[in-house]
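Chain and residue survey
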Amino acid sequence: MSADEAESEVLFMKTYSIIKLDEITNLNNDRKSLNQKVLLGLATREEFLKQIKVELNMLDTCQLKIEQEMKENNTEDINTEILTILSNRINEMYKNMFLLFPVEKTSLSEYIDFCSNNALFITKCSNMLEILMLKYHSDPEVYITAATYEFDDRNNVESARRYFSEGLKHHENCKNLYVEEFWVEVQHLEKTEGASLPIAIEKYRNLIKRFANDIEFHFILLDRAIKLSTVRELQCNVVRDMIKKYKHSELMWQKLAQIHFDGFIYDQKTEQLHYDKNYINGIRNCIKTYENGLKENLPLKNKLKLWTFYIDHIIEIRKSYRMKKETIRNFMNETMERAFQEAHENKALCKAEYYIYWTENTNKDCHRIMKESVKVIKDSVDLWYNLISYYLKYDSLEMGIEAFQAGVRALTNKSMPLWEILILYMANTHPKLLQQLYQEGSNCPYPEVNCVIRPEYLEWNVLHNGILSTRELFNKLKDVKPECKQLYKSMITFELTQNSGISKLSFIRKLHNILCNSFGDTDIDVWSDCMRFEYMYGSRRYVRAIFEASLTSVNPNLKSSMTEEYEKLKDEFKDYDRKDLGVIVIEDDE
């Protein structure tokens, strides 16, 4: 910066109170320091970026101040030289940074934005890119950024092509470079109203040859080609090649169905592509495409996948806003019934949610569908649950029990929801049969079931048959494997709710003891409950002994938590008087 420019900058800062005098001094010192480091080869990229950020903020501040002054004073007679001074400095800093260090996409994008916002630097930006693109860049995105800028902002397709070419010399396997290069040609084809078709076609041919048998890459090219409406011949080529090359791929049929759904209709007889705005035609062609694909001689595994794509798309369409018209609703209802039935017959309806959707939306016999579904997918809780619910809804208890028993055999450890629905139904309709069901569930060989049902059975029994019967039942249920923590906890609760003359202190203490021995290694709550019981109903002299026993039993990583719990209990019960609080002290029956 010349002396005149430096003086002009300081004058502007002072005149409009942009920053304080000492801040101006510090700013200039930072600038000089960076320049010296550059000359000595000691500057870092981070230092450049930091200073550039400071200068950009300064530029924005000055720009806003100038606009404010013009507006408030209704004049344009303000010296704007400061903007040129700052912009030139920023441009020079970017230039030095790019020449000294490897170019990063983010920094290059920021530089392009800077130049785009400063019309004076558009030419300088292109000149800089010309220099930079002759260098090797490890990140292929750098070439894409430069080429995209030249095409989008400068309308310079030749520079864009040249930058892509440079990038591909160094990154010949970078798919994204090829895709973005193709996308520029697609856009240019539209701009030239088809004049550049030979170039676009040649680029496309080279790409599918280079990435032969890469169906996903072909899809990407298709997605780019159909973004614009006036490049129909190129689109035709891409779709035609896709169908011919990947006719035996379920992914191709899915893709073809999707573009038909989106309105791009390809006629395989004429090999022509056109766009149809009528979404109903798009839906019909989409469905027809899936059905044509399923007629092809696909390998079984691939055909099953295509069925899944088809069913998913039917559900998606039926849930969409496009179902407003009655004609399309009727068409899709017929399609759903036909497709789901055929998929079922071909053993291709392989998800439980498909059968559930079918039963919820069919106009036909949903009972038949439910029965068939559990034959196909035997391990689905939802399907068995729905079937049993259906029978119970219509009070077909015999059929419901038959389905329940079959479901339990099929689901084993996962069958708890089936027990729950049958228990709830019997509680409301057949209470005499409920106890038998509880007994069966309590002795069920599946722990995930009997450990849930045993405590429930105990609770039901105490409500209906009293504590004496419940004690007898508990003695039977506790011997069922595996040991059930909740069974003991429930029994303790029931005992504590009895009158003192009936409750037995030693029995409750024994239950706590079993809980601590069986589950105390990983559960400090059982120890805490045991100590709390002694504080409230038993003897305080046992509490310390229980705590010491816990420390020898719990896992080492729980000892500190166990100690904290013990201290909390001591503090909680230090002034506790059972008589004052109305707590009944249970006499020891030993």
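Residues numbered from 1 in each chain as written. Predicted model: local features only at pLDDT ≥ 70, side-chain atom pairs only at ≥ 80, totals over all residues. Heavy atoms only, no water.

Let's shift gears to a negative patch on the surface. A cluster of acidic side chains, namely Glu110, Asp113, Asp152 and Asp153, defines a negative patch on the protein surface. Residue position: Asp113 is located in helix α5 (residues 105-116). Using a relative accessible area of 47% as the deciding quantity, one classes Asp113 as partly exposed. (Patch = residues over 30% accessible without salt bridge, like charges linked within 9 Å, V, L, I, M, F, W, Y side chains within 5 Å. Areas by Shrake-Rupley, 256 points an atom, 1.4 Å probe, with all protein chains shown as cover. Salt bridge = Lys/Arg side-chain N within 4 Å of Asp/Glu carboxyl O. Lys, Arg positive; Asp, Glu negative; His and termini not counted. Charge placed at Lys NZ, Arg CZ, Asp CG, Glu CD. Helix = DSSP H or I, 4+ residues; strand = E, 2+ residues; numbered from the N terminus. Buried < 20%, exposed > 50% of the residue type's maximum accessible area, 1.4 Å probe, protein only.)

Bringing the packing of aromatic side chains into the picture now. Overall, the coordinates contain 26 aromatic pairs when judged by the stated rule. Taking 5.8 Å as the distance between ring centres and 25° as the angle between the ring planes, the aromatic pair formed by Tyr94 and Phe98 counts as stacked. Note that Tyr94 and Phe98 are positioned in helix α4 (residues 81-100) at a spacing of four residues, about one turn of the helix. Both residues of the pair, Tyr94 and Phe98, count as buried. Plain terms: the ring middles of Phe404 and Trp419 are 4.8 Å apart, the flat faces sit at 90° to each other, and that makes the pair edge-to-face. Of the two residues, Phe404 sits in helix α20 (residues 397-411) while Trp419 sits in helix α21 (residues 416-429), which places them 15 residues apart along the sequence. Using a relative accessible area of 4% as the deciding quantity, one classes Phe404 as buried. The structure contains a cluster of three or more aromatic residues connected by ring pairs, namely Tyr94, Phe98, Tyr111 and Phe114. We note Lys191 situated over the ring of Phe151; from NZ or CZ to the ring centre the distance is 4.1 Å. (Phe/Tyr/Trp six-rings, centres within 6.5 Å; stacked < 30°, edge-to-face > 60°. Lys NZ or Arg CZ within 6 Å of the ring centre and 35° of its normal.)

In this section: a nonpolar patch on the surface. A grouping of Leu39, Leu40 and Leu42 is seen on the molecular surface, where their side chains present a nonpolar patch of about 390 Å² in accessible area. Looking at the secondary structure, you find Leu42 in the loop between α2 (21-40) and α3 (45-73).

This part is about the environment of Glu23. If you trace the backbone, Glu23 turns up in helix α2. Of the polar contacts made by the side chain of Glu23, one reaches the backbone nitrogen of Lys20; its length is 2.9 Å. (Polar contact = N/O pair within 3.5 Å; in protein donor to acceptor, adjacent residues only side chain to side chain.)

Glancing now at the state of the cysteines. All chains considered together, the criterion is met by zero disulfides. In this structure Cys530 is not part of a disulfide, and its nearest cysteine sulfur, from Cys516, lies 4.3 Å away. (Disulfide = S-S within 2.5 Å.)

Attention now moves to the pairing of strand β1 (residues 264-267). Sheet analysis places β1 next to strand β2 (residues 272-275), joined by four bridges and oriented antiparallel. The residue bridging Tyr266 from the neighbouring strand is Leu273, located in β2. Here β1 hands over to β2 after four residues, with Glu271 in that stretch at a positive phi of 55°. (Pairing = 2+ DSSP bridges.)

In a regular helix each residue adds 1.5 Å, so 14 residues correspond to 20 Å; helix α10 (residues 197-210) covers 20 Å between its end C-alpha atoms and thus fits that length. For α10, the set of buried residues is Leu197, Ala200, Ile201, Tyr204, Leu207 and Ile208. Each buried residue of α10 sits inside an arc of 125° when the element is viewed along its axis, so together they form one side. Turned more than 90 degrees from where α10 packs its buried face, Pro198 and Lys209 sit exposed. Packing partners of the buried residues in α10 comprise α9 (175-191), α11 (215-225) and α12 (232-245). (Expected span 1.5 Å × (residues − 1). Arc of directions from axis to C-beta. Contact = heavy atoms within 4.5 Å.)

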